[in-house]
Amino acid sequence: MTSIDAPLTPAAPASEAPGALDAAEAPEASAAFEAPALPTPPAELHGPVLAWFDRHARDLPWRHPEAGAWGVMVSEFMLQQTPVVRVLPVYEQWLARWPRPADLAADAPGEAVRAWGRLGYPRRALRLHAAAVAIKERHGGDVPSDHGQLLALPGIGEYTAAAVASFAYGQRHAVLDTNVRRVFARAATGVQYPPNATTAAERRLARALLPADEATASRWAAASMELGALVCTAKNEDCGRCPISGQCAWRLSGKPAHDGPPRRGQTYAGTDRQVRGRLLAVLRESTEPVAQAVLDKVWDEPVQRARALDGLVADGLVEPLDGGLYRLPVA
DNA sequence: CAGCCGTGGTC
DNA sequence: TGACCAAGGCT
């Protein structure tokens, strides 16, 4: 049985003991030669951000102790590129139906895809199911607490492994998601946006900013992420509500606009992804196998339509049957 | 490592 | 209205 180490929700007033919020451990000190000098000592950021988090953290279900490590893990999968508001209802249904990894592992992968609904990127549902199977086989049904073992699970990368270890097990990890990267880019580096891909410099910076104490580091990870999600947003950031606006390198330098190559922006209309989405939507709605002729109606252009369907089959999201029938994967 | 993988809301 | 964005991962 797994459980959350410490509730992330308020109640306790922020301990202002500066000693407990000290900078990172010794090994990082040598790397500091390559790293740009921090405009503000880490400890002067921890207090304000943690205090702000105590007051303003959202009351999200996966932050409750009863969510357990499985709840945290499910939420992290669903939150990969999908906003909180859309995750909430699906999360509740998911945990009610599959309260433990073994429960999901015992069901068909296609049921996970169906329950995923319109969260997007349905391969995540497939990977979450595969991860549940692996957890049952390799870890006796309990979500592992070891970072390396988490990283070895399908669908869990650098971010999610750190997030589960930190949020579910209270460990000390640099949790670098898009929110944290943006907060650090602005507050510490002084630029509007982080690079497109996570860099070694960002990891170094995140480690340097990590509180030494394990429990504080865990709260810091959640707090810095929440700050990026609620205040230091990509557009229309609200510096007036930011607890570290007075120390923000970007703001102090006049909030210069992002320079360099334009940030990635991909169109959706007319792409294979749109076709795949339509095909899968039909299959999700049907308990019975669907005839090819029915699927053909979702898209006019036959070459792209066939390519999209083939792709779904290749990805394991769709199972072809004899007689031109298709369904969500049973095995 | 750049490109791909869904979906819906916002400005 | 179209482009951007949302707790990434995989190849």
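Below or above, wherever it landed, is the structure these notes cover. All of these numbers come straight from a predicted model, not from anything done at the bench.

Inspection of the region around DNA strand C gives 28 residues, with Leu79, Gly157, Thr160, Asp177 and Asn179 positioned closest. Each atom of DNA strand C within 4 Å of the protein belongs either to a base or to sugar and phosphate, the latter forming 67%. The contact in question runs from a base nitrogen of DNA strand C to an N or O atom on the side chain of Arg58, over 3.2 Å. Between Thr178 and DNA strand C, the recorded distance is 3.4 Å, taken from a backbone N or O atom to a phosphate oxygen. Classifying every residue of the surface near DNA strand C by side-chain character gives 11 nonpolar, eight polar and nine charged.

As enumerated under the stated definition, the model contains 16 salt bridges in all. Arg97 is the partner of Glu111 in a salt bridge, and the nearest nitrogen-oxygen pair spans 2.9 Å. With Glu111 in helix H6 (residues 109-116) and Arg97 in helix H4 (residues 84-97), this pair connects stretches of sequence that are 14 residues apart. According to the relative accessible area criterion, Arg97 is partly exposed, its value standing at 40%. Among the ionic pairs, Arg114 bridges to Glu111, the shortest N-O distance being 3.2 Å. Taken as a pair, Arg114 and Glu111 lie in helix H6 at a separation of three residues, close to a single helical turn. The structure contains a network of salt bridges with shared partners spanning Arg97, Asp107, Glu111 and Arg114.

What follows deals with empty space enclosed by the protein. For the structure on display, the rule yields four cavities of 30 Å³ or more. Computed from the structure, the largest cavity encloses a volume of approximately 110 Å³. As for the largest cavity, its lining consists of 15 residues, of which Arg186, Cys232, Cys239, Cys242 and Cys248 are closest to the centre. Looking at the lining of the largest cavity, the elements that each hand over two or more residues are helix H10 (178-189) and helix H13 (249-252). The element contributing the most residues to the lining of the largest cavity is H10, with three residues. Tallied by class, residues from the lining of the largest cavity come to 10 nonpolar, one polar and four charged. Of the pockets and cavities examined, the second largest cavity occupies roughly 60 Å³. Taken together, His173, Ala174, Val175, Leu176, Val180, Phe184, Ala206, Leu210, Trp220, Ala221 and Ser224 form the lining of the second largest cavity. At the level of elements, H10 and helix H12 (214-230) are the ones that each hand at least two residues to the lining of the second largest cavity.

This next bit is on H4. For H4, built from 14 residues, the straight-helix expectation of 20 Å at 1.5 Å per residue is met to within 8% by its first-to-last C-alpha distance of 20 Å. Most pronounced at Val90, the bend in H4 amounts to some 25°. Restricting attention to buried positions, one finds in H4 the residues Val84, Val87, Val90, Tyr91, Trp94 and Leu95. Where H4 is buried, its residues meet helix H3 (68-78), helix H5 (101-105), H6 and helix H7 (123-139).

Before going further, it helps to spend a moment on the sheet that holds strand S1 (residues 290-291). Pairing is antiparallel across the open sheet formed by three strands, whose spatial order is S1-S3-S2. Sheet topology places S1 and strand S2 (319-321) at the edges, where each strand pairs with a single neighbour. As paired strands, S2 and strand S3 (residues 325-327) are joined by three bridges and run antiparallel to one another. Residue pairing in the sheet places Glu319 in a bridge with Arg327 of S3.

In total, this model carries four aromatic pairs according to the counting rule given. Ring geometry for Trp62 versus Tyr91: centroids 5.1 Å apart, planes at 75°, classification edge-to-face. Taken as a pair, Trp62 in the loop between helix H2 (43-56) and H3 and Tyr91 in helix H4 lie far apart in primary sequence, 29 residues in all. The class of Trp62 is buried, set by a relative accessible area of 8%. Residue classification places Tyr91 among the buried residues on the basis of a relative accessible area of 3%. Between the aromatic rings of Trp94 and Trp116, the centroid separation amounts to 5.7 Å while the plane-to-plane angle is 80°, which identifies the pairing as edge-to-face. Placement of the pair is Trp94 in helix H4 and Trp116 in helix H6, with a sequence separation of 22 residues.

About the thresholds
- Residues numbered from 1 in each chain as written.
- Chains lettered and ligands numbered in written order.
- Predicted model: local features only at pLDDT ≥ 70, side-chain atom pairs only at ≥ 80, totals over all residues.
- Heavy atoms only, no water.
- Near = heavy atom within 4 Å.
- Polar contact = N/O pair within 3.5 Å; in protein donor to acceptor, adjacent residues only side chain to side chain.
- Nonpolar A, V, L, I, M, F, W, Y, C, P; charged D, E, K, R; others polar.
- Salt bridge = Lys/Arg side-chain N within 4 Å of Asp/Glu carboxyl O.
- Helix = DSSP H or I, 4+ residues; strand = E, 2+ residues; numbered from the N terminus.
- Buried < 20%, exposed > 50% of the residue type's maximum accessible area, 1.4 Å probe, protein only.
- 1 Å grid on protein atoms, 1.4 Å probe; cavity = no way out; pocket = protein on both sides within 12 Å on 5 of 7 lines; lining within 4 Å.
- Points joined across faces, edges and corners; volume = space filled by probe spheres on them.
- Expected span 1.5 Å × (residues − 1).
- Bend = angle between axes of the 7 residues up to and from the residue.
- Contact = heavy atoms within 4.5 Å.
- Pairing = 2+ DSSP bridges.
- Phe/Tyr/Trp six-rings, centres within 6.5 Å; stacked < 30°, edge-to-face > 60°.

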